[in-house]
Amino acid sequence: MSKKFSDEELKYLRILSKQYPTISAAATEIINLSAILSLPKGTEHFITDLHGEFEQFQHVLKNGSGAIRRKIDDEFGNSLTMAEKKTLATLIYYPELKIEEILKKEDCKEDWYKVTLYRLLRLCKNASSKYTRSKVRKAMPDDFLYIMEELFCGRDEFSNLEAYYTEIMNAIIETGRAEDLIIALCNLTRRFVVDHLHVVGDIFDRGPRPHDIMETLMNHHSVDIQWGNHDALWMGAAAGETCCMANLLRISAKYGNLDVLEDGYGINMLPLARFALETYADDPCECFTLSYTKDEYNPKDIDFNMKMHKAIAIIQFKLEGQKMKEHPDFDMDERLIMHTMDLKNAKVTVEGKEYDLKDTYFPTVDMKDPYKLSKEEAEVVAHLRDCFINCEKLQKHVRFMYSKGSLYKVYNGNLLYHGCVPLNPDGTFKKVSIYGKEYCGKALYDVLENYARKGYYSNDPVEKKKGEDIMWYIWENKNSPVFGKDKMTTFERYFIEDKETHKEPKNPYYKLYEKHDIVENILKEFGLDPSEGHIINGHVPVEQKKGESPIKCDGKLLIIDGGFSKAYQGKTGIAGYTLIYNSYGLVLAAHEPFESLDKVIKDESDIHSQEILVQHVVKRKRVADTDIGVEIKENIDGLKRLLEAYRTGILIERHN
């Protein structure tokens, strides 16, 4: 017995009937969608904490954290030697560079073209087999569309077709298109092996090329981003929030990366440089050494950078002091430190205890009003703010962060976020006050993200200001999910010798995430099945050399930041964790540091990755088991109701 059609449903079905005007059209689409549900789910690739390390990011992206090599092994088994597999893999990663290197040594180019094209076609066809013909066709480059369709559909076992495909190959070589086709097949193979990319936070800061990472992500076929605290910092600066901007500049100076702003984004640093040289001309700025410098830096460059480092740090402390006083609701009064300085006796008081000051040269600080910017500092801040707001490239990147990003994401049964879910010591969700209302758990993420979007997009100046301030809050407040610590001890690290003052206690989350009930409660809070779901967590480097494991709570929670940033690698002992989630399960990879692109091309020295099988599913995952599958099933249900409406005469078919 058919279910009665409501007025609302009929309105929906009339709209649907414009796309499927006949019984035949609706039935065909039901068949098509039902078939898609049976396909294996696409492979997801999770990376996090890139911190501007473009070359390492690019290599991990191109090799799919080992997924390309696994696909080669699956397809060719023992029919290729290990050396041949390495060459093929390197070719797929960097086709233009590897072709040039191979052809310098190759005596018979034509034979190499034929063998290589044959291998790439086999591999690419295998990789594309989990997708519909329509999706495969859309991914093919226009100039090779016809040729690829013919070659992909070829069946070499039929002798009457074998000559046809051989002739296609010969014609490709004779017309000089072999190299272009090889490059296209390599790119297509990478595209098919990894269907979707997740970036679980912190694209920016420390490393030298975040702008190049952003350009790559903007050209990626399918990506989402979970904002990290460093991403929030750049997003806040782009919106015009000056505390975020000052922090960003200080970190860039600290890691010797101010040229990222000048060369990468075209932001004029001359006013800050001039101010720093004039104000701190005779100051050695010994507290402001660089954490990481390029090999080619000379002592004069380092000295200059240290002066800029100090200049922007003092500006930051003043601006943050103003913000803390403006927002007592942010509960950060204990971080107001500058007014406690006794410059005459070189003392400072932090949390009720007095310490020696390592530096007392603060020519721009008026101890009667220590958080007030000097006239010159205010001019520098105003200039830089204008530069950030009017930087076309930065604004383009930040808009992409907003359009593809969020503070968390629920995707195919997994929960992705950077940092932590703020907890109390007993494991309950911590209640946090945001502009007079209390939030916890998922609601806290939602309200912070809502204000973050207002801070960039709102036309209401009051709401925009609230949103801008929340961007800074997200960066360093003790209740921020993506910060996850009690305090940021930047002042103490510069000016106080006692290492006890440098400690930044973590939220109780980091002591409780091995407990099953805690992790299950978090999954439930975000609407996930705790028996099936996982938490994919970025932000905190995993110190592998101390025996720490990225696998928490028996694999229910995975921390995949092992330190892409070179500045972290001495601490972690590795160069990052990444995760692959394919139709067979989850595979975690630990990477050794990336040496150089030249070494990869010439020596075929892929990043050595230790694979840890986290979970192997009993039943292979299909599209039906994914979020896309849920949408497809809903579409099928709608189409079935449309068929029923046609067949019962409620709606009339429209034939041309």
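Residues numbered from 1 in each chain as written. Predicted model: local features only at pLDDT ≥ 70, side-chain atom pairs only at ≥ 80, totals over all residues. Heavy atoms only, no water.

Participant: Whenever I open this one, the pairing of strand 5 (residues 353-356) confuses me. Can you help?
Facilitator: The two faces of a sheet get side chains in turn, since along a regular strand they alternate between them. With four bridges connecting them, strand 4 (residues 347-350) and strand 5 associate as antiparallel partners. Bridge assignment links valine 348 to a residue of strand 5, and that residue is tyrosine 355. Hairpin connection, strand 4 to strand 5: the antiparallel pair is bridged by two residues, and glutamate 351 has positive phi, about 50 degrees. (Pairing = 2+ DSSP bridges. Helix = DSSP H or I, 4+ residues; strand = E, 2+ residues; numbered from the N terminus.)

Participant: What exactly am I supposed to notice about the packing of helix 13 (residues 229-239) against helix 18 (residues 375-389) here?
Facilitator: Helix packing for two helices is described by the angle between their axes and how far apart those axes are. In the contact formed by helix 13 and helix 18, the axes pass within 7 Å of each other and the chain directions differ by 100 degrees. The orientation of helix 13 relative to helix 18 falls into the category roughly perpendicular. Where helix 13 abuts helix 18, its residues Ala237, Ala238 and Ala239 lie against Arg385, Phe388 and Ile389. (Axes fitted to C-alpha atoms, helices over the stretch in contact; angles between N-to-C directions. Parallel < 35°, antiparallel > 145°, perpendicular 65-115°, else oblique. Contact = heavy atoms within 4.5 Å.)

Participant: Just checking my understanding: could you explain helix 16 (residues 270-279) for this structure?
Facilitator: Note on helix geometry: an α-helix contains 3.6 residues per turn, so any two residues three or four positions apart are oriented the same way. Within the sequence span of helix 16, burial applies to Pro271, Leu272, Ala273, Phe275, Ala276 and Thr279. Looking at the buried side of helix 16, the elements it contacts are helix 17 (299-326) and helix 18. (Buried < 20%, exposed > 50% of the residue type's maximum accessible area, 1.4 Å probe, protein only.)

Participant: What am I meant to see in the packing of helix 14 (residues 242-254) against helix 18 here?
Facilitator: It is the contact of helix 14 with helix 18, at a shortest axis distance of 11 Å, that shows an interaxial angle of 90 degrees. The pairing of helix 14 with helix 18 is recorded here as roughly perpendicular in orientation. For the pair helix 14 and helix 18, contact is made by Thr242, Met245, Leu248 and Leu249 and by Val381, Leu384, Arg385 and Phe388, respectively. Of the residues that constitute the contact of helix 14 with helix 18, the class distribution is six nonpolar, one polar and one charged. (Nonpolar A, V, L, I, M, F, W, Y, C, P; charged D, E, K, R; others polar.)

Participant: Honestly, the side chain of glutamine 316 in this entry has me stumped. Any pointers?
Facilitator: Within the secondary structure, glutamine 316 sits in helix 17. Ignoring sequence-local partners within four residues, the contact set of glutamine 316 consists of Ala246, Asn247, Arg250 and Thr490.

Participant: Would you mind showing me how to read the pairing of strand 1 (residues 44-47) here?
Facilitator: A two-sided burial pattern is seen for strand 1, the buried positions comprising Glu44 and Phe46 on one face and His45 and Ile47 on the other. Sheet analysis places strand 1 next to strand 2 (residues 196-199), joined by four bridges and oriented parallel. In the strand pairing of strand 2, histidine 45 is matched with leucine 197. Bridge count between strand 1 and strand 14 (residues 577-582): three bridges; the pairing is antiparallel.

Participant: What is the right way to look at the nonpolar core in this model?
Facilitator: Core analysis: the biggest nonpolar cluster contains 127 residues, and Ile203, Leu217, Phe495, Tyr509 and Ile522 have the highest contact counts within it. Per element, the largest residue contribution to this core is 10 residues, and it comes from helix 17. Excluding residues within four positions of it along the chain, isoleucine 522 makes contact with Leu415, Tyr417, Val421, Phe429, Tyr509 and Ile535. Counting 51 residues, the second largest nonpolar core, distinct from the first, contains Leu91, Ile92, Leu103 and Val193. (Core = buried A, V, L, I, M, F, W, Y, C linked by side-chain atoms within 4.5 Å.)

Participant: Looking at this model, I keep getting lost on the sheet that holds strand 13 (residues 557-559). Mind explaining?
Facilitator: To summarise the sheet geometry, strands pair through backbone hydrogen bonds and adopt either a parallel or an antiparallel arrangement. Strand order in this open sheet of five strands is 7-8-11-13-12, and the pairing throughout is mixed. Edge positions in the open sheet fall to strand 7 (408-411) and strand 12 (551-552), since each of these has one partner strand only. Note that strand 12 and strand 13 share two bridges and pair antiparallel. Opposite lysine 552, over in strand 13, you have leucine 557 as the bridge partner.

Participant: Just checking my understanding: could you explain the packing of aromatic side chains for this structure?
Facilitator: To describe a pair of aromatic rings, one takes the distance between the centres and the angle between the planes. Scanning the entire structure with this criterion turns up 31 aromatic pairs. Pairing tyrosine 93 with tyrosine 94 gives two aromatic rings, centres 6.5 Å apart and planes at 90 degrees, and the pair type is edge-to-face. Its relative accessible area of 1% is what places tyrosine 93 among the buried residues. Given the relative accessible area of 4%, tyrosine 94 is considered buried. Through a chain of ring-to-ring contacts, three or more aromatic side chains come together here, namely Tyr408, Tyr417, Tyr445, Tyr509, Tyr510, Tyr513 and Phe526. Over the face of the ring belonging to tyrosine 451 we find lysine 454, whose NZ or CZ atom lies 4.8 Å from the ring centre. A cation over an aromatic ring shows up here: lysine 506 above the ring of tyrosine 510, its NZ or CZ 5.5 Å from the ring centre. (Phe/Tyr/Trp six-rings, centres within 6.5 Å; stacked < 30°, edge-to-face > 60°. Lys NZ or Arg CZ within 6 Å of the ring centre and 35° of its normal.)

Participant: Where do I start with the pattern of salt bridges in this structure?
Facilitator: When the charged atoms of two side chains lie near each other, side chains of opposite charge can form a pair. Taken as a whole, this structure holds 38 salt bridges when the rule is applied. Measuring nitrogen to oxygen at the nearest pair gives 3.0 Å for the salt bridge that ties lysine 98 to glutamate 101. With lysine 98 and glutamate 101 both in helix 6 (residues 95-103) and three residues apart, this pair spans about one turn of that helix. Look at the salt bridges and you will find they share partners, linking Glu241, Lys323, Glu326, Lys465 and Asp469 into a network. (Salt bridge = Lys/Arg side-chain N within 4 Å of Asp/Glu carboxyl O.)

Participant: Just to check I follow, could you spell out unusual backbone geometry for this structure?
Facilitator: Residues other than glycine predominantly adopt negative phi, and peptide bonds predominantly adopt the trans conformation. Positive phi values are uncommon outside glycine, yet aspartate 331 reaches one of about 55 degrees. On the secondary structure map, aspartate 331 appears in the loop between helix 17 and strand 4. Aspartate 331 gets classed as partly exposed once you look at its relative accessible area, which sits at 42%. Of note in the backbone geometry, asparagine 412 takes a positive phi value of approximately 50 degrees without being a glycine. Mapped onto the secondary structure, asparagine 412 falls in the loop between strand 7 and strand 8 (414-418).

Participant: Any chance you could explain helix 5 (residues 82-93) here in plain terms?
Facilitator: In a regular helix each residue adds 1.5 Å, so 12 residues correspond to 16 Å; helix 5 covers 17 Å between its end C-alpha atoms and thus fits that length. Among the residues of helix 5, Lys85, Leu88, Ala89, Thr90, Leu91, Ile92 and Tyr93 are the ones counted as buried. The inward-facing, buried residues of helix 5 contact helix 3 (54-63), helix 4 (67-76), helix 6, helix 7 (109-128), helix 11 (178-193) and helix 26 (597-603). (Expected span 1.5 Å × (residues − 1).)

Participant: Is there a simple way to think about the state of the cysteines in this case?
Facilitator: Cysteine pairs can be covalently joined through their sulfur atoms, and such a bond is termed a disulfide. Summed over the entire model, instances satisfying the criterion amount to zero disulfides. No disulfide involves cysteine 244; its sulfur sits 7.0 Å from that of cysteine 243, the nearest cysteine. (Disulfide = S-S within 2.5 Å.)

Participant: What exactly am I supposed to notice about a negative patch on the surface here?
Facilitator: A cluster of like negative charges, contributed by Asp627, Glu631, Glu634 and Asp637, occupies part of the molecular surface. Structurally, aspartate 637 is set in helix 27 (residues 627-647). Residue classification places aspartate 637 among the partly exposed residues on the basis of a relative accessible area of 47%. (Patch = residues over 30% accessible without salt bridge, like charges linked within 9 Å, V, L, I, M, F, W, Y side chains within 5 Å. Areas by Shrake-Rupley, 256 points an atom, 1.4 Å probe, with all protein chains shown as cover. Lys, Arg positive; Asp, Glu negative; His and termini not counted. Charge placed at Lys NZ, Arg CZ, Asp CG, Glu CD.)

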